[in-house]
Every structure is written in C-alpha cells, then in structure tokens.
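Coordinate analysis (summary)
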Amino acid sequence: MKTIAVLHTARATVPMLTGMIRQAHPGVTVYNWLDDSILPMLMEDKTKIDYVFDKMLFYGKAAQDQGAAVILNACSSVGEFQDYAAERLKIPVVRIDDAVTDLLARQCRSVGVLATLETTLRPSAAILKRKNASLALSFQVVEGAWAAGLSGDKEGQNRLIAAAMEGFLKEKEAVFLAQASMAEAVGLLGEELRGRVYTSPGYAVESLEKYLV
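Residues numbered from 1 in each chain as written. Predicted model: local features only at pLDDT ≥ 70, side-chain atom pairs only at ≥ 80, totals over all residues. Heavy atoms only, no water.

**Considering helix H8 (residues 154-169)**
Here H8 contains 16 residues, and its C-alpha end-to-end distance of 22 Å stays within 8% of the 22 Å for a straight helix at 1.5 Å per residue. Taken as a whole, H8 has its buried residues at Gly156, Gln157, Asn158, Ile161, Ala162, Ala164, Met165, Phe168 and Leu169. Looking at the buried side of H8, the elements it contacts are strand S5 (110-115), strand S6 (136-141), helix H7 (145-150), strand S7 (174-177), helix H9 (191-194) and strand S8 (197-199). (Helix = DSSP H or I, 4+ residues; strand = E, 2+ residues; numbered from the N terminus. Expected span 1.5 Å × (residues − 1). Buried < 20%, exposed > 50% of the residue type's maximum accessible area, 1.4 Å probe, protein only. Contact = heavy atoms within 4.5 Å.)

So, in structure tokens, the structure goes:
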C-alpha cells in the first residue's frame, strides 16, 4: 500500500485534501503534517523563508522515514520548497499549484490571480511567469477573507472571494485561486463562470497518480 504525506500550513486544507486523495486513489495511506506557525511567521517577516524551508525539510524527512512515496506540499506561499527539497530528500515533493499552473500557462493569455494572503502572490507570479513569460497577470488580495476564515466565518470568507472572482472575470480570461483553501468559494458562482476559474487541489491530487504505480 502506497503512502502520501501532505504538508499543511492551514487547518482548512487537511480534511479537504485528505478526502480528495482517498477518493481519487483508493487504498492509499495519507499522513498529514500541519504547522500553522509558518504563515504567521512569513506574514511578519518574509526573510525567514530559509528557516521555514528547514522546518519543512524536517517534516519531509520524517515522511520519507515513515515510507511515504511522495509528499504533497499543500501551501502555495511556500511552493518553492519543491526546489529546495529536490537535492535534500530521496522522495519527490509535489507543489500543489504545479499542475494547474501548467494548464493556465498553456491555455490562457490573461489571468487574474486571487489570494487571501499577500505571501502567496510572489511565488504564484513566479511560477506562472516561468512557464509563460507572455502571460498577462493581475493580482489581488481579497481584503478581509483571511480574517473571516480565521474567525470561523467560512461563509463570509467564501462570499468575499466570490465577489472578487466576479470582478476579475469581467476583465480577465480566467481566474486562478492561488490558495487551495479558497476552492470552496467557486460553488457560489453561476455555472457560466465556474469554468473560467482554476483551483489547484483537483489537478494536484490527480498528478499524484504517477508516483503511486
């Protein structure tokens, strides 16, 4: 039986990704490592990214020692941990936004990138520009959404994200929700708009298949 380890920086992604992985890959074992100190640390001081990567490497080594076949990094703000870990771990690290940004880079000319945290915007911009330098990008932090989620007001968070999506879709070909925890808000949009919104979880979970054979 194969094991998938998932590294989280927010509690919201734990049940969502665990359920999606088990549904897409029946029979796998899912281990979750959650460190909810990472995002507050980066929000306060972005220069601590090397320290954060060292922390994540500790979790990655633990996952490796416990027999994981692959690690899914569930946090876009620290997506570049994939590169950091490449020469330091013996098992692959999958960046949660890798597969979806491949698709955006191939299919779109203009994309609005939405996040609830500013820490996510730079790595999201970097990965998209690396894959398609001519892609026209706009960025927005959804004001109040992160605070609403922290307070337990998931419905309020989703409404704020949905309103921001609708605004971007008036001027952009597609919208990319840069954090996995934002995906639920897509359900608040009309059916005609949902197909123009891209979220990372489904594509990332599907991409794990090649590591499980």
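**Quick notes on the nonpolar core**
Burial of nonpolar side chains together is a common tendency in soluble globular proteins. Residues Leu7, Val52, Met56, Ile71, Val78 and Phe81 are the most contacted members of the largest nonpolar core, which totals 25 residues. Those elements giving two or more residues to this core turn out to be strand S1 (3-8), helix H2 (38-44), helix H3 (49-65) and helix H4 (81-86). At six residues, the largest contribution of residues to this core is made by H3. Of all hydrophobic cores here, the second largest spans 17 residues; its members include Ala162, Met182, Leu189 and Leu193. (Core = buried A, V, L, I, M, F, W, Y, C linked by side-chain atoms within 4.5 Å.)

**Focus on the packing of aromatic side chains**
For the structure on display, the rule yields five aromatic pairs. Ring centres 6.2 Å apart and planes at 90° place the aromatic pair tyrosine 31 and tryptophan 33 in the edge-to-face group. With a relative accessible area of 17%, tryptophan 33 lands in the buried category. Sitting over the face of the ring of tyrosine 84, arginine 88 holds its NZ or CZ atom 3.8 Å from the ring centroid. (Phe/Tyr/Trp six-rings, centres within 6.5 Å; stacked < 30°, edge-to-face > 60°. Lys NZ or Arg CZ within 6 Å of the ring centre and 35° of its normal.)

**Focus: the sheet that holds S7**
Within the open sheet, the four strands sit side by side as S6-S5-S7-S8. Their pairing is parallel. The sheet is open, and its two edges are formed by S6 and S8, each paired on a single side. Averaged over neighbouring strand pairs, the angle between their axes works out to 25° when direction is ignored. Pairing of S5 with S7, which is carried by four bridges, proceeds in the parallel orientation. Its bridge partner being in S7, leucine 114 is matched across the sheet by leucine 177. (Pairing = 2+ DSSP bridges. Axes fitted to C-alpha atoms, helices over the stretch in contact; angles between N-to-C directions.)

**Quick word on the side chain of serine 200**
Residue position: serine 200 is located in helix H10 (residues 200-207). When residues no more than four places from it in sequence are discounted, the contact partners of serine 200 are Ile96, Asp97, Val100 and Ala180.

**Topic: the packing of helix H5 (residues 98-107) against H10**
At their nearest, the axes of H5 and H10 sit 7 Å apart, and the two run at 110° to each other. Taken together, the axis directions place H5 and H10 in an arrangement best described as roughly perpendicular. The segment H5 lies against H10, with Ala99, Val100 and Leu103 engaging Ser200, Tyr203, Ala204 and Ser207. Tallied by class, the residues present in the contact of H5 with H10 amount to five nonpolar, two polar and no charged. (Parallel < 35°, antiparallel > 145°, perpendicular 65-115°, else oblique. Nonpolar A, V, L, I, M, F, W, Y, C, P; charged D, E, K, R; others polar.)

**Structural notes on the pairing of S6**
Both S5 and S6 contribute to a ladder of six bridges, which runs parallel. Residue pairing for S6: alanine 115 is matched across the bridge by valine 141. On the question of chirality, the crossover connecting S5 to the parallel S6 by way of helix H6 (residues 121-131) is right-handed. (Right-handed = clockwise from strand over helix to strand, strands pointing away.)

**Re the sheet that holds strand S2 (residues 29-34)**
Spatially, four strands are ordered S2-S1-S3-S4 in an open sheet, and the strand pairing comes out parallel. Every other strand in the sheet has two partners, leaving S2 and strand S4 (93-95) as the edge strands with one partner each. Within this sheet the neighbouring strands show an average axis-to-axis angle of 25°, counted without direction. Of the strand pairs in this sheet, S1 and strand S3 (residues 70-73) are connected by four bridges, and their pairing is parallel. Paired with leucine 7 across the bridge in S3 is asparagine 73.

**Here we look at the packing of helix H1 (residues 13-24) against H10**
Two elements in contact, H1 and H10, have axes separated by 10 Å at closest approach and are oriented at 45°. Considered as vectors, H1 and H10 are oriented oblique to each other. Where H1 crosses over H10, the handedness of that crossing is right-handed. Between H1 and H10, the residues in contact are Met16, Leu17, Met20, Ile21 and Ala24 and Pro201, Gly202 and Val205, respectively. (Left-handed = near helix turned anticlockwise from the far one by under 90°.)

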